[in-house]
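Inside the fold
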There are 4 protein chains.
Amino acid sequence: MILILQSKATDDQVDHVIEKVESLGLKAHLSRGTYRTIVGIIGDESKLSEERLRSIPGVSEVVPVLPPYKLASLEAHPEPSVVNVSGVQIGGGHLGMIAGPCSVEDADRMHRIAKSVRDAGANLFRGGAYKPRTSPYAFQGLGEDGLKILREVGDEYGMPIVTEVTDPRNVELVAKYADMLQVGARNMQNFVLLTEVGRTSRPVLLKRGMSATIKDLLMSAEYVLSQGNPNVVLCERGIKGFDTITRNLFDVAAVPAVKALTHLPIIVDPSHATGRPDLIPPCALAGIAAGADGVHVEVHDCPEEAKSDGPQALLPDQYQELAKQMRQLAELFQKTISPLPEALA
Amino acid sequence: MILILQSKATDDQVDHVIEKVESLGLKAHLSRGTYRTIVGIIGDESKLSEERLRSIPGVSEVVPVLPPYKLASLEAHPEPSVVNVSGVQIGGGHLGMIAGPCSVEDADRMHRIAKSVRDAGANLFRGGAYKPRTSPYAFQGLGEDGLKILREVGDEYGMPIVTEVTDPRNVELVAKYADMLQVGARNMQNFVLLTEVGRTSRPVLLKRGMSATIKDLLMSAEYVLSQGNPNVVLCERGIKGFDTITRNLFDVAAVPAVKALTHLPIIVDPSHATGRPDLIPPCALAGIAAGADGVHVEVHDCPEEAKSDGPQALLPDQYQELAKQMRQLAELFQKTISPLPEALA
Amino acid sequence: MILILQSKATDDQVDHVIEKVESLGLKAHLSRGTYRTIVGIIGDESKLSEERLRSIPGVSEVVPVLPPYKLASLEAHPEPSVVNVSGVQIGGGHLGMIAGPCSVEDADRMHRIAKSVRDAGANLFRGGAYKPRTSPYAFQGLGEDGLKILREVGDEYGMPIVTEVTDPRNVELVAKYADMLQVGARNMQNFVLLTEVGRTSRPVLLKRGMSATIKDLLMSAEYVLSQGNPNVVLCERGIKGFDTITRNLFDVAAVPAVKALTHLPIIVDPSHATGRPDLIPPCALAGIAAGADGVHVEVHDCPEEAKSDGPQALLPDQYQELAKQMRQLAELFQKTISPLPEALA
Amino acid sequence: MILILQSKATDDQVDHVIEKVESLGLKAHLSRGTYRTIVGIIGDESKLSEERLRSIPGVSEVVPVLPPYKLASLEAHPEPSVVNVSGVQIGGGHLGMIAGPCSVEDADRMHRIAKSVRDAGANLFRGGAYKPRTSPYAFQGLGEDGLKILREVGDEYGMPIVTEVTDPRNVELVAKYADMLQVGARNMQNFVLLTEVGRTSRPVLLKRGMSATIKDLLMSAEYVLSQGNPNVVLCERGIKGFDTITRNLFDVAAVPAVKALTHLPIIVDPSHATGRPDLIPPCALAGIAAGADGVHVEVHDCPEEAKSDGPQALLPDQYQELAKQMRQLAELFQKTISPLPEALA
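- Named according to an unreviewed UniProt entry, chain A is Phospho-2-dehydro-3-deoxyheptonate aldolase originating from Crateriforma conspicua.

In structure tokens:
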């Protein structure tokens, strides 16, 4: 850490700062400039709390020199991680193609949609059985019945399944059925839930919160990693913006910015990011061009009957067309779309 | 609802829209303008899903005419609600003055701080026993031991206590000790947690999420209300902004904007909103001037030793000075700071 | 326009609204719903001021049905416009590749950089002679001397030149030297300047302001178009965001969102959008994948000596590598990078 | 400045950094920590360009220790400045109460409104003769005729007048009529215009841009100050936010945050900040409670006939009521509303 003292810091304050640092078993290196005094702290930074340092009288700014996410950092693991979701690889040049409806609905529809996205080239099937809805009066998902349908459909078409978990009490149940656990944007800082999914061995799809910085996202990943679960895939799904022309603001630069800091894979979700079917294909392609390790798209065969989020789903035909373009783009960048696993775990 | 059709909507699409509306037992009222066709829907709007309507081909925009938060709306309850927290009233001209440290720490310190804020005029004591921390390596709170200290301190000084609950599995436990349950900003859309606190009879302090619109905030309040718990106090604590000069962006206009839509009380939290002790007093006063029903301030007697959020706490002396000014301001606006209860519930 | 009246609108207010509308020679179509009354306005919407309608007592919301940008809208011109910059085409499948340093510096350096970007495949050369700097003490550009260097370099390498104009008094002077006039992000709503560039016949590169919605951007384009200059190219260059990890927030979805509303071409500027050389290539590629009609990149052969914005420039070698990838991507999407003109105008 | 080097910075890079710093006649003070190397620069920081330093290979972050706004800083002028607008004082405990319509309209209406706001207690009269409108088709103001009406009305009621200037070519003309020149939010970074108003001797009302940080605002003030005009009053008028419930986001914390950095007065404009008449009074009061040196409110006697911005104006009666409350609040905080001048300059 580096402490920049206030321009009016008194000698007593400087002494107090140094005393404080040394009381923690660290060394303080004083540098008096023309206008400001700087205290460099030498030793194990992890012993220090940025907040406490900032509370010391006379301290103006605290500049950390190490990332606070240790396990997620490139320093800890310089090579890109490859996350294996029951045989489908994400990261390190392998693309995960997640597709399916927002909510799990009746089994027939699920079969139809799964078949269509698999034929188009998706390698992971998604659907929500527990839905975090802004309205208490909206459809909340089919619960365990939905999980059963998902599992059955995944098995039938040979696709690992991804589904959201919203309640720490349900993590074990959901992990019984699903191949990958999704933590939604609204729960990105639900640390209780992060801790629970970190205690399972299932890969986790961690969506970026709408007001989360990239550092916040990596800190949330660190929660999962610190519990012993190394299989985290990040997902950029749009952050809060001021223009209502799109539902959220697709932060495509987050893809390379994340890759400059962490070994974890990151995919994009243009469905939630834009909320507009006509913008999903261009943003999906933009995500791959920016280096994303996969794309998450909602697909529904009759959006006007969808139990949730119909307006942001592609039709199966549209997805098929998009998948073709994504494959071409992947090839151009020498990446491969992971094949379906031989057999599901 | 009003549907605005796309300028290129075909006659078939218009017919399909009308059919769809009528299939739901509602009436469609068609209005063909020079450039656009409008479909007004007459009947019980609550049967309709805005999302599904927006998914119908040919529909460009859906304009709801009723607020989706029914119980929270002024239509449902035109007079301001007064929430009673074990004898301390918030709302309808009564101000709740919440003060205390970020985290519950050792009992001695809690006693000292509680005594000082009570003497200054605070009527509710706060402290976190379960802390949602961005880092898994940071102090996570004392848990039930912290709740016990809080209860003891509250009893000693005659102040009802407010504390955060972060885990649906702990709601019952926390409700056993606390007079008011806080749902933090990061959990504002943790619908599982909202549902659980809605099932208790404890008043709930619901903090606005960092990317939550006012409508989002009211929808989250609706979750609590819809479970049968009418005692919700909202809290503006700063939203995400682009200027790093303050920790968050204090949206003081949210106070009157909320009051134009709901009967629920709303207080302000200038500690989290600004993250800077020097800005807490002016923003606290601004909140009262804007009509807030109370002020939440973090107070610590040695910020550099605080286990969390030291940099945003006032010293007891500073709080005393602020409390005096808040009292004068309240009088000017003919409001009263609720007295401490005769005896705690 | 559609007026949604307040739920408590009185009959007198409804009558007043209708009277007002009819006084403007338009017809009002009343539709009383269960909860709200709606007034559809039939006739020439362009006579109406949204603001005035919103000021009528009893009116809750005003929903326009026509875009307020007439000339820029797809309704006015359904095919994509192709803007010709002294022989280089932008739009309609033709990509403009703008490259060069932030500021015009000494002639030797300009020659070196121009040669390198031309050899890499750029077809337009940029450099600022009048620099809008946040600090009055920073380098403000070489002025007319800079324009002369630019012109000379453009002529030498056969590249049309693009340069910023910041002062309405200089528009004529700049137009004398430059092939394309840039209006910078900070001047996107400098309507006086927009009007002046609209009076020239030079193509205009209009950068999106940091807090401009897409509608705002199109309204600013409309200023130029309404003066008789149809040659406007829009540019997404990052908007204001809350994460300081990038300088601005690159809104790649703006590219297809703009194309859904206007015939004008839109390019991307990943240099300003990200402010980080390592993020320029992935974001440039993302822009093309999203459908952009060109890419604007700052290139400097010694960023640490650049008179402005060094940290967001690519080195010539890096640009060459990126240009190769952009060309491949363009081919995949069946677009062409416009060749250099035979001779400059 | 302090340079934090990248963790992988090589010895050669460190040497190059030091060489660079010394070549500028400054001293570099090296501090090798456990994880990072820090270079403190000792000497006259104003010789350094943050951008160039950040471009040096191996440099990760540049932390300035001095504010880049020299004349605007508290260091340069520790006491609050009092700006005298033809006899009306703003700052240092004196409140400026600016009121009037958005646009100058017919003389009769101007007289009526001026009389009403003067009687209510306003001490400065405003109205726009040159209007920056987002639409080229909207009313653009009466121009010099409007200035004449304003001057006449100001003289009649003894109120100095404030009006916007948008074009550097008009600055002299506007300064001939007006007592105070307003630079609007959209022109806050129109550096050409700032330079021109800085060359006049008229006080300047500088509105904060919608995406301007407080540092940006102070840098723009510095433009005016650096030209020799010390009379700048800042104005918080709402920044861009994500919630459409208000037109902009009123950043009341900007008031004390600005005061912690500069001696210049700052007022608030709740009309533009909220765009809703019902929110103007609470936000005006919040502004004063937060320490603002004045309040700018739009007042119109028939908003539905206003030529611009009707929806954000108060009626004269509403302003009178608000002015009474503002006066009481000012007294509570021991401030005074400046009296009208004996005679206008």
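1. Some words on the domain arrangement of chain A
- As far as domains go, chain A holds domain 1 (2–63) and domain 2 (83–337).
- Using C-alpha coordinates to define each centre, domain 1 of chain A is positioned 44 Å away from domain 2 of chain A.

2. A short note on the packing of helix α10 (residues 280–289) of chain B against helix α10 (residues 280–289) of chain D
- For the pair α10(B) and α10(D), interaxial distance at closest approach is 7 Å and the crossing angle is 155°. The angle between α10(B) and α10(D) falls in the class roughly antiparallel. Here the hand of the crossing between α10(B) and α10(D) comes out right-handed. On the side of α10(B), the interface is formed by B:Pro282, B:Leu285, B:Ala286 and B:Ala289, while α10(D) contributes D:Pro282, D:Leu285, D:Ala286 and D:Ala289.
- Residues of the contact of α10(B) with α10(D), tallied by class, amount to 8 nonpolar, no polar and no charged.

3. Re the interface of chain D and chain C
- Taken residue by residue, the interface counts 47 residues in chain D and 47 residues in chain C.
- Both faces combined, the contact of chain D with chain C buries some 4000 Å², and carbon together with sulfur accounts for 49% of it.
- Between the two partners, chain D and chain C, sit 6 salt bridges.
- With a shortest N-O distance of 3.4 Å, C:Arg133 and D:Glu51 are connected by a salt bridge.
- At the junction of chain D with chain C, the criterion picks out 23 residue pairs in polar contact (both at pLDDT 80 or more).
- Broken down by secondary-structure element, the contributors of at least two residues to the side of chain D that touches chain C are α1 (11–23), α2 (50–55), α6 (191–198) and α7 (214–226) of chain D.
- The element best represented in the side of chain D that touches chain C is α7(D), accounting for 5 residues.

4. Quick look at the nonpolar core
- Membership of the largest hydrophobic core comes to 162 residues, with the highest contact counts inside it found for A:Phe125, A:Leu234, A:Tyr319, C:Phe125, C:Leu234 and C:Tyr319.
- Listed in part, the 161 residues of the second largest apolar core include B:Ala129, B:Val299, D:Ala254 and D:Cys283.

5. Regarding the sheet that holds strand β1 (residues 2–5) of chain B
Residue and element names in this part refer to chain B.
- Taken in spatial order, the 4 strands line up as β2-β3-β1-β4 in an open sheet, and their pairing is antiparallel. One side of each edge strand has no neighbouring strand; the edge strands of this open sheet are β2 (27–32) and β4 (59–63). In this sheet, adjacent strand axes meet at a mean angle of 20° when their direction is disregarded.
- Where β2 and strand β3 (residues 37–42) come together, 6 bridges link them in antiparallel fashion. Paired with Lys 27 across the strands is Ile 42, a residue of β3.
- Across the sheet, helix α1 (residues 11–23) touches β1, β2, β3 and β4, and the angle it forms with β2 is around 155°.

6. Description of the relation of the copies chain A and chain B
- Between chain A and chain B, which share one sequence, the superposing operator has a rotation angle of 180° and an axial displacement of 0.0 Å; the RMSD is 0.0 Å. What the rotation and shift describe, once combined, is the action of a two-fold rotation axis. Across chain A, the rotation axis passes nearest the C-alpha of A:Ser211, at a separation of 2.7 Å.

7. Concerning the environment of B:Val232
Residue and element names in this part refer to chain B.
- For Val 232, the location among the structural elements is in strand β12 (residues 232–236).
- Of the residues examined, Val 232 reaches a relative accessible area of 0% and is grouped as buried.
- Once residues lying within four places of it in the same chain are set aside, the contact partners of Val 232 are Val 83, Val 204, Leu 206, Ala 221, Val 224, Leu 225, Leu 264 and Pro 265.

8. Quick notes on the sheet that holds strand β4 (residues 59–63) of chain D
Residues and elements named next belong to chain D.
- The strand order across the open sheet formed by 4 strands is β2-β3-β1-β4, and the pairing between neighbours is antiparallel. Both outer strands of the open sheet, β2 (27–32) and β4, are each paired with one neighbouring strand and no more. Pairs of neighbouring strands in the sheet enclose a mean axial angle of 20°, with direction left out of account.

9. A closer look at the pattern of salt bridges
- Taken as a whole, this structure holds 84 salt bridges over all chains when the rule is applied.
- Here C:Arg109 makes a salt bridge to C:Asp106, at a shortest N to O gap of 3.9 Å.
- Salt bridges linked by common partners bring A:Glu105, A:Asp106, A:Arg109, A:Arg112, A:Asp301 and A:Glu305 together as one network.

10. Some remarks on the packing of aromatic side chains
All names here are of chain B.
- Going through the model one piece at a time under the given rule, you end up with 4 aromatic pairs over all chains.
- Between Phe 191 and Tyr 223, the aromatic rings sit 4.7 Å apart at their centres with planes inclined by 20°, giving stacked as the arrangement. Taken together, the residues Phe 191 in helix α6 (residues 191–198) and Tyr 223 in helix α7 (residues 214–226) connect sequence positions 32 residues apart.
- According to the relative accessible area criterion, Phe 191 is buried, its value standing at 6%.
- Given the relative accessible area of 3%, Tyr 223 is considered buried.
- Above the face of the Phe 139 ring, Lys 307 is positioned so that its terminal group lies 5.4 Å from the ring centre.

11. Things to note about the UniProt feature "domain: DAHP synthetase I/KDSA" (unreviewed entry) in chain A
- Under the UniProt annotation, "domain: DAHP synthetase I/KDSA" (unreviewed entry) lies at residues 86–334 of chain A.
- For residues 86–334 of chain A, the helix share is 38%, the strand share is 15%, and the end-to-end C-alpha distance is 23 Å.

12. Quick word on unusual backbone geometry
- Positive phi, normally seen in glycine, also occurs at A:Gln334, with a value near 55°.
- Within the secondary structure layout, A:Gln334 lies in the loop between α11 (316–332) and β15 (336–337).

13. Here's the deal with the environment of A:Leu314
All names here are of chain A.
- Structurally, Leu 314 can be placed in the loop between β14 (294–298) and α11.
- Put simply, Leu 314 and Val 297 are 17 residues apart on the chain and 7.6 Å apart in space, counted from C-alpha to C-alpha.
- Setting aside chain neighbours within four positions, we find Leu 314 in contact with Pro 277, Ile 280, Pro 281, Val 297, Glu 298, Val 299, His 300, Tyr 319 and Leu 322.

14. Notes on the relation of the copies chain D and chain C
- Under the fitted operation, chain D is carried onto chain C by 0.0 Å of movement along the axis and a turn of 180°, and the coordinates agree to an RMSD of 0.0 Å.
- Both copies contact each other with a shared surface, as 100% of the interface residues of chain D are interface residues in chain C too.

15. Examining the pairing of β12(B)
Residue and element names in this part refer to chain B.
- Burial runs high along β12: 5 of the 5 residues are buried.
- Alternating residues of β12 divide into Val 232, Leu 234 and Glu 236 and Val 233 and Cys 235, and every residue in both groups is buried.
- Across 4 bridges, the pairing between strand β11 (residues 204–207) and β12 is parallel. Residue Leu 205 lies in a different strand from β12, and its bridge partner there is Val 233.
- Note: β12 against strand β13 (residues 266–268), 3 bridges, orientation parallel. Across the sheet, the residue bridging to Leu 234 is Ile 266, located in β13.
- Each parallel crossover has a hand, and the one from β12 via helix α8 (residues 254–259) to β13 is right-handed.

Procedures and definitions
- All chains use their own residue numbering, which begins from 1 and follows the written sequence.
- Chain labels run from A onward and ligand labels from 1 onward, assigned in the order the entries are written.
- Per-residue local features are limited, in this predicted model, to residues with pLDDT of at least 70; the limit for side-chain atom pairs, both in listing and counting, is 80 or more; totals at the level of whole chains, interfaces and linings are taken over all residues.
- Side-chain numbers here rest on the full set of heavy atoms in the structure, without hydrogens or water.
- For the purposes of this description, domain bounds are those given by an automatic or database domain assignment.
- All axes here are fitted lines through C-alpha atoms, helices being fitted over the stretch that makes contact, and every angle between N-to-C directions spans 0 to 180 degrees.
- The helix and strand labels rest on DSSP assignments: H or I over at least four residues marks a helix, E over at least two residues marks a strand, and numbering proceeds from the N terminus.
- Convention used here: angles under 35 degrees read as roughly parallel, angles over 145 as roughly antiparallel, angles from 65 to 115 as roughly perpendicular, and any remaining angle as oblique.
- Note: crossing handedness is left-handed where the near helix turns anticlockwise from the far helix by less than a right angle, and right-handed where it turns clockwise.
- Residues are treated as being in contact if the distance between any of their heavy atoms lies within 4.5 Å.
- Residue polarity follows a fixed list, in which Ala, Val, Leu, Ile, Met, Phe, Trp, Tyr, Cys and Pro are nonpolar, Asp, Glu, Lys and Arg are charged, and the others, Gly among them, are polar.
- Values labelled buried area give the accessible surface lost by two parts on being combined, using a 1.4 Å probe and summing over both.
- Think of a salt bridge as a Lys or Arg side-chain nitrogen and an Asp or Glu carboxyl oxygen that are within 4 Å of each other.
- For the purposes of these results, a polar contact is taken to be a pair of N or O atoms within 3.5 Å, where, inside protein, one atom must be able to donate a hydrogen and its partner to accept one; residues adjacent in sequence count only when each atom of the pair is a side-chain atom.
- Buried residues of nine kinds, namely Ala, Val, Leu, Ile, Met, Phe, Trp, Tyr and Cys, make up a nonpolar core once their side-chain atoms join them within 4.5 Å.
- Only protein chains enter the calculation, and the probe is 1.4 Å; a residue is then buried if its accessible area is under 20% of its type maximum, exposed if over 50%, and partly exposed in between.
- For two strands to be treated as a pair, DSSP must find at least two bridges joining them.
- For the least-squares superposition of copies, only C-alpha atoms count, and only for residues with pLDDT at least 70 in both.
- Aromatic rings from Phe, Tyr and Trp, taking only the six-membered ring of Trp, are treated as a pair when their centres fall within 6.5 Å; an angle between ring planes under 30 degrees marks them as stacked, one over 60 as edge-to-face, and anything in between as tilted.
- In our convention, an over-ring charge means Lys NZ or Arg CZ found within 6 Å of a ring centre and within 35 degrees of that ring's normal.
- UniProt positions are given in the numbering used here, feature names are shortened, and annotations may be inferred rather than shown by experiment.
- By convention, orient the strands away from the viewer: a clockwise path from the first strand over the helix to the second makes the crossover right-handed.

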